[in-house]
Amino acid sequence: MRSLTSTVLMIVFAAAGNSDALAQSATLTGSAAFGDWRADKPGVSRLIKPDDLPRPGATPSVSNTSRVVRRPPASVPQVPAGFNIELFAEGLRGPRVMRVAPNGDIFVAETGAGRIRVLRAADGSPKPSANEIYTSGLNEPFGIAFFPSGSNPQWVYVANTDSVVRFPYRAGDTKAAGKPEIVVVKLPDGGHSTRDIVFTADKQTETPSA
């Protein structure tokens, strides 16, 4: 979905006592399994066996690429019975990854815009009380990690597509305290552009990965 220039974040709430609803599903088989997105909904699965497929060469090759359309008014994703979904934030550009800071702030990597955004909301609140750009001017940022682990991290690490940088961090910061410090100068080019980052629980060292 990297072609998206603007998108929204939705939050899903689970209602108590509805775990049985999640276990229910309808499996479509045979010709009924060959539907499209209009018939998709939570709980529906499709079982397509090799014998259900056309023989090789029996049908012409086709291409059905995705296209971006505006979200129709009042239209939201379908969710399983017992869940509710609400619009949380909108107007984001190319968001790809969300990480929750120890204090509950939500850090969002807006990969397409080259920036990190911070959203803050009280527990259970359907709307953020703070919506700030933490830092910008990054190169397709994706991975976000806090170091060290625990309730009081001192750094926010960000994995660009070609490097790893970090920012000094204090719990509650909604703006970067300084310019990015380069930790890994050069990551391999080519292939998928996203680079994630994680700190192992034993050694607490960053591990960028494609």
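Everything quoted here is computed from the prediction, not taken from an experiment.

> Outline unusual backbone geometry, listing residues and values.
Residues apart from glycine generally show negative phi values, whereas peptide bonds are mostly found in trans. Between Phe-147 and Pro-148 the backbone carries a cis peptide bond, its omega angle lying at -10 degrees. Checked against the element boundaries, Pro-148 lands in the loop between strand 9 (143–147) and strand 10 (155–159). Although it is not a glycine, Ala-74 sits at a positive phi angle of roughly 65 degrees. Its location among the elements puts Ala-74 in the loop between strand 3 (44–47) and strand 4 (83–92). Positive phi outside glycine occurs at Glu-140, with the angle close to 50 degrees. Looking at Glu-140, the relative accessible area reads 24%, which means it is partly exposed.

> I'd like a description of the packing of aromatic side chains, backed by residues and values.
For the structure on display, the rule yields eight aromatic pairs. Relative to Tyr-157, the ring of Phe-147 has its centre 6.1 Å away and its plane inclined at 75 degrees; by these criteria the two rings are edge-to-face. Of the two residues, Phe-147 sits in strand 9 while Tyr-157 sits in strand 10, which places them 10 residues apart along the sequence. Residue classification places Tyr-157 among the buried residues on the basis of a relative accessible area of 5%. Clustering of aromatic rings is evident, with ring pairs tying together Phe-107, Tyr-134, Phe-146, Phe-167 and Tyr-169.

> Explain the nonpolar core to me, and be specific about the residues and the numbers.
Formed by 16 residues in total, the largest nonpolar core has its most connected members in Phe-107, Ile-116, Tyr-134 and Val-156. Elements with a minimum of two residues in this core: strand 6 (106–110), strand 7 (115–120), strand 9, strand 10 and strand 11 (164–168). Leave out the neighbours within four places in its chain, and Tyr-134 touches Phe-107, Ile-116, Arg-117, Val-118, Val-156, Phe-167, Pro-168, Tyr-169, Asp-173, Thr-174, Lys-175 and Ala-176.

> Describe the pairing of strand 7, and please don't skip the residues or the numbers.
In terms of burial, strand 7 is a largely internal element, five of the six residues being buried. Two strands pair when backbone bridges link them, and strand 6 and strand 7 are joined in this way by five bridges, in the antiparallel orientation. Among the inter-strand pairings, Glu-110 is bridged to a residue of strand 7, identified as Arg-115. Count of turn residues in the strand 6/strand 7 antiparallel hairpin: four residues, of which Gly-114 carries a positive phi of about 70 degrees. Pairing geometry for strand 7 and strand 8 (residues 130–135), over five bridges, is antiparallel. Looking at strand 8, one finds that Leu-119 is bridged to Asn-131.

> Go over the sheet that holds strand 7, please, and point to the residues and values.
Within a sheet, neighbouring strands are paired by backbone hydrogen bonds and run either parallel or antiparallel to one another. Ordered in space as 5-6-7-8, the four strands form an open sheet in which the pairing is antiparallel. Each edge of the sheet is formed by a strand with only one pairing partner; in this case those strands are strand 5 (95–100) and strand 8. Here the strands of the sheet are splayed against their neighbours by 25 degrees on average, with no regard to which way each runs.

> So, the pattern of salt bridges: which residues are in play, and what are the values?
Scanning all chains against the criterion turns up seven salt bridges. The shortest N-O distance in the salt bridge between Arg-46 and Asp-40 comes to 2.6 Å. We note a salt bridge from Arg-166 to Glu-181, for which the minimum N-O separation is 3.2 Å. With Arg-166 in strand 11 and Glu-181 in strand 12 (residues 181–184), this pair connects stretches of sequence that are 15 residues apart. Where salt bridges share partners, they join Glu-110, Arg-115 and Arg-117 into one cluster.

Rules and cut-offs
Residues numbered from 1 in each chain as written. Predicted model: local features only at pLDDT ≥ 70, side-chain atom pairs only at ≥ 80, totals over all residues. Heavy atoms only, no water. Helix = DSSP H or I, 4+ residues; strand = E, 2+ residues; numbered from the N terminus. Buried < 20%, exposed > 50% of the residue type's maximum accessible area, 1.4 Å probe, protein only. Phe/Tyr/Trp six-rings, centres within 6.5 Å; stacked < 30°, edge-to-face > 60°. Core = buried A, V, L, I, M, F, W, Y, C linked by side-chain atoms within 4.5 Å. Contact = heavy atoms within 4.5 Å. Pairing = 2+ DSSP bridges. Axes fitted to C-alpha atoms, helices over the stretch in contact; angles between N-to-C directions. Salt bridge = Lys/Arg side-chain N within 4 Å of Asp/Glu carboxyl O.

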